[in-house]
Amino acid sequence: MSHTTGIRQAQKLKTRQALLDAALALLEHQSLSSLGLREVTRGVGVAPTAFYRHFDGTAALGVALVEETLGSLHGMIGAILAKTGDTEERLDRSVDLIARHVAAQPSHFRFIAREQHGGVGRVREAIAAQLRLFAEEVAEVLGAEAESAGWDREDLLMLGGLYVDHMVLTASALLDAGPEGEQEVVRVARRRLRLVTIGRAHWLDSP
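Residues numbered from 1 in each chain as written. Predicted model: local features only at pLDDT ≥ 70, side-chain atom pairs only at ≥ 80, totals over all residues. Heavy atoms only, no water.

## So, the overall build of the protein chain
Worth spelling out the cut-off: Counting from the N terminus, the helices are the DSSP runs of H or I reaching at least four residues and the strands are the DSSP runs of E reaching at least two. Throughout, exposure labels follow a simple rule: accessible area from a 1.4 Å probe, protein chains only, divided by the maximum for the residue type, with under 20% read as buried, over 50% as exposed, and the rest as partly exposed.
A count of helices and strands for the protein chain gives nine helices and zero strands. Reading the secondary structure of the protein chain in the N-to-C direction produces α-α-α-α-α-α-α-α-α. When the backbone C-alpha atoms are referred to their principal axes, the protein chain occupies close to 65 × 45 × 30 Å. Residues classed as buried in the protein chain amount to 41% of the 207 residues present.

## Here's the deal with helix 7 (residues 106-115)
Worth spelling out the cut-off: Within this analysis, the arc is defined by the directions that extend from the helix axis to the C-beta atoms.
His108, Phe109, Phe111, Ile112 and Glu115 are the residues of helix 7 that are buried. Buried residues along helix 7 cover an arc of 150° about the axis, so they all sit on one side.

## A few points about helix 4 (residues 58-70)
Definition in use: Any helix carries an expected span of 1.5 Å times its number of residues minus one.
Given a rise of 1.5 Å per residue, 13 residues ought to cover 18 Å, and the 18 Å separating the end C-alpha atoms of helix 4 matches this to within 8%. Looking at helix 4, one finds that the buried residues are Ala59, Ala60, Leu61, Gly62, Val63, Ala64, Leu65, Val66, Thr69 and Leu70.

## Looking at the packing of aromatic side chains
Just so we agree on the cut-off: The pairing test for Phe, Tyr and Trp rings, Trp by its six-membered ring, is centres within 6.5 Å, and the orientation test on the planes gives stacked under 30 degrees, edge-to-face over 60, and tilted for anything in between.
Under the criterion given, the structure shown has three aromatic pairs. With 5.6 Å between their ring centres and 45° between their planes, Phe51 and Phe55 make a pair best called tilted. On the basis of relative accessibility, which here comes to 0%, the residue Phe51 falls in the buried class. Measuring from centroid to centroid gives 6.3 Å for Trp151 and Trp203, while their planes differ by 40°, and the two rings are tilted. Residue Trp151 is found in the loop between helix 8 (121-143) and helix 9 (153-201), and its partner Trp203 is found in the segment after helix 9; the two are separated by 52 residues along the sequence. We classify Trp151 as buried; its relative accessible area is 12%. Judged by relative accessible area, which is 42%, Trp203 ranks as partly exposed.

## Focus on a nonpolar patch on the surface
Stated precisely, the cut-off is as follows: Put simply, a patch holds well-exposed residues, over 30% relative accessible area, that have no salt bridge, with like charges counted together within 9 Å and Val, Leu, Ile, Met, Phe, Trp or Tyr side chains within 5 Å. Only the protein chains shown count as cover for residues, with accessible areas throughout obtained via the Shrake-Rupley method and a probe of 1.4 Å. Here a salt bridge means any side-chain nitrogen of Lys or Arg lying within 4 Å of a carboxyl oxygen belonging to Asp or Glu.
Taken together, Met158, Leu162, Trp203 and Leu204 make up a surface patch of nonpolar side chains, about 390 Å² in accessible area. Along the chain, the position of Leu204 falls in the segment after helix 9.

## Comments concerning the pattern of salt bridges
All chains considered together, the criterion is met by seven salt bridges. Note that Arg190 and Asp92 form a salt bridge whose closest N and O atoms lie 3.1 Å from each other. Of the two residues, Arg190 is situated in helix 9 and Asp92 in helix 6 (residues 87-104); the sequence distance between them amounts to 98 residues. Owing to a relative accessible area of 27%, Asp92 belongs among the partly exposed residues under this scheme. In this structure, Glu145 engages Arg200 in a salt bridge whose closest nitrogen and oxygen atoms are separated by 2.9 Å. You can see Glu145 sitting in the loop between helix 8 and helix 9 and its partner Arg200 sitting in helix 9, a full 55 residues away along the chain. A single burial state applies to Glu145 and to Arg200, both of which are buried. One connected set of salt bridges, linked through shared partners, spans Asp92, Asp96 and Arg190.

These results come straight from atomic positions and should not be treated as a statement about function.
Dropping the structure here:
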């Protein structure tokens, strides 16, 4: 790659990120389905036609925001669950991870919370796909543990889904509660995860 080509590529990536950031700022006050690309490009200071060098429409931009928000979490939840140690400590680490990410990227998680059931099909599907992948990753980690002996694939995926659903609900609750209510949300989140853990221990008990 020539020096000139490298500069152009870097500038292209910079403009793409600027479009994502401008869209995210606008989405604080509206849904993706109502977002106009002219609004986005005006915020970046580029012509509307420049938008299509990076995205084929606002739906594609929304999918990129989904990947930007949730992509960084892949492996983190699984890594925390995979760590050996006290169960209570592991639950605390899981909830703390969610709280830290929501505090660091509130606009991103507000976007996910709004668009998970929003009017843009491609974005709904992208969010659902990411959450399914999370559930599969968590199920794989939990399936390797002694506590999961005798569990079938369907039940492990259900357990992984419970953890992921809990993550999403906790993130939404943290956004609604704000900094002043974070401690209570975290307390309740830990109790709910503890209940899932207790249920897991007795799942294969005879009815």
